[in-house]
Amino acid sequence: MRDGALLRRFRSGDPDAVRVLYERFERPVFAVAFRALGSRALAEEAVQQTFLQAWRASDRFDPARDPAPWLYAIARRVAVDLYRRERRHKASDLDAQPEMAALPTSFEGMWEAWQVRLAVEGLPTEEFEIVRCTHFLGLTHAETADRLDIPVGTVKSRSFRAHQRLAEALAHVREVTA
Amino acid sequence: MRCGEARAAYLEGDRSEQVTAHLATCPACREVGAPIESMASLLDDVALWEEPAPGGWERTVRLMAGAVPEGPRPPALKLAAVAIAAVVLAIVGFLALTTARAPDWEFDLVAVDSPGQASIAGWNTEAGSRMVLTVEDLPPARDGFYYEVWLSDGPRHISAGSFSGPGSVDLWVGVRRSEFPRVWISLEPADGVPGIDGATVFDTSGFDS
């Protein structure tokens, strides 16, 4: 997303521009935070903190650049901070320096998860629904057709189109993870 | 097996020999299938599909309202602060104006089986009326009760607000006294039931009999 006027307004701290960015990136931020932290409450706190920090640092944002990597960096830092805060709260006296502990494996692959969720967000709504039914709800094409009240042939063609679209959008991620 | 069937079956999670054999041997499917296959595993991460609860933006705004931006305050926020200040000044100015201006009407209310005195002054506004009620020597409402101010035109009664004891109270109501000439006060039980249940304690002269 490179909407120059919007990003310039964001840089100037315009709350409406912050809201537009929030609407575009709330779900990807939530998804990666949830994946890393394993808690809905912490993931929602991470979303709020991410956008609060983005707004506070908006005067340092370069509107010529894509905001996605910048927001991701903030979201990851927020998730790490929340993880360490929770660990500190749970730490026993024997854990002298919990903040020095390694991050759990759930923090691995956050960037890939971010890219995947962004790509999914970019799908047309009707294709998004079908991909979600397949990969999240684990439905067959026939069950998806029933759920969405559309012919099963439509589900199949949309599913293929959606996966093709995602494969193209995520080619760089597949190269890295392969 | 046809290409479309094999691809659809694969995307459904079908890894049967019939499907995998087709995808492995069909040149067309191999070309499109390999990228889709590697990407499909990324999509199987269920955490990616979790959705945040509604209301996140409102909670974020509350955080922003209590936060101080780092570095120089962005110009738009300066403008917002100026706008808020202007609105506050406008309200204060309006209140000062309506308070300083002589009331459009004022009179003493008549006590009905109640000690004390009450007077009320009103200003006509664009949206209705602002009133200042002053009550003296009236005992505070007992526990579980409150005093309520009403404007009536006969069958219709509009609540203008409530108070608990003597003093001065500012009241706003969306009607004019020219349409609702009777102003009166009742002692109401705090039972959560709207409407007039209690005894009248003050009334407009001429309506008090």
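Residues numbered from 1 in each chain as written. Chains lettered and ligands numbered in written order. Predicted model: local features only at pLDDT ≥ 70, side-chain atom pairs only at ≥ 80, totals over all residues. Heavy atoms only, no water.

Visitor: Would you mind showing me how to read the pairing of strand E8 (residues 199–203) of chain B here?
Guide: Within a regular strand, the side chains alternate between the two sheet faces. All names here are of chain B. Taken together, the two bridges between strand E1 (residues 105–111) and E8 define a ladder with antiparallel strand orientation. Directly across from Ala-111, in E8, lies its bridge partner Phe-202. Where strand E7 (residues 182–189) and E8 come together, three bridges link them in antiparallel fashion. When the bridges of E8 are listed, Ser-186 appears paired with Thr-200. (Pairing = 2+ DSSP bridges. Helix = DSSP H or I, 4+ residues; strand = E, 2+ residues; numbered from the N terminus.)

Visitor: Looking at this model, I keep getting lost on the sheet that holds strand E3 (residues 128–136) of chain B. Mind explaining?
Guide: The strands that make up a sheet are held in pairs by hydrogen bonds between backbone atoms, and each pair lies either parallel or antiparallel. Residues and elements named next belong to chain B. Spatially, E5-E4-E7-E8-E1-E2-E3-E6 is the arrangement adopted by the eight strands of the open sheet, whose pairing is antiparallel. Two strands close off the open sheet at either side, each with one partner strand: strand E5 (157–163) and strand E6 (167–173). Across the sheet, the axes of successive neighbouring strands diverge by a mean angle of 30°, strand direction being ignored. Relative to strand E2 (residues 117–125), E1 runs antiparallel, the two being bridged by five bridges. Looking at the pairing, Trp-105 lines up with Gly-122 of E2. (Axes fitted to C-alpha atoms, helices over the stretch in contact; angles between N-to-C directions.)

Visitor: Could you clarify how one ought to interpret the interface of chain A and chain B in this entry?
Guide: Often, the extent of an interface is quoted as the loss of accessible area upon association of its parts. Every contact between the two is made by 48 residues of chain A and, on the other side, 37 residues of chain B. Carbon and sulfur atoms supply 68% of the area that chain A and chain B bury against each other, a total of about 4300 Å² over both sides. Ranking the residues of chain A by area buried against chain B places Trp-55, Arg-56 and His-135 of chain A at the top, with a combined share of 16%. When the shortest N-O distance is used, the salt bridge between Glu-50 of chain B and Arg-40 of chain A registers 2.9 Å. Taken together, chain A and chain B are joined by 10 residue pairs in polar contact (both at pLDDT 80 or more). Elements supplying a minimum of two residues to the side of chain A that touches chain B: helix H2 (15–37), helix H3 (40–56), helix H5 (110–121), helix H6 (125–135), helix H7 (141–148), helix H8 (152–169) and helix H9 (171–177) of chain A. (Contact = heavy atoms within 4.5 Å. Buried area = accessible area lost by both parts, 1.4 Å probe. Salt bridge = Lys/Arg side-chain N within 4 Å of Asp/Glu carboxyl O. Polar contact = N/O pair within 3.5 Å; in protein donor to acceptor, adjacent residues only side chain to side chain.)

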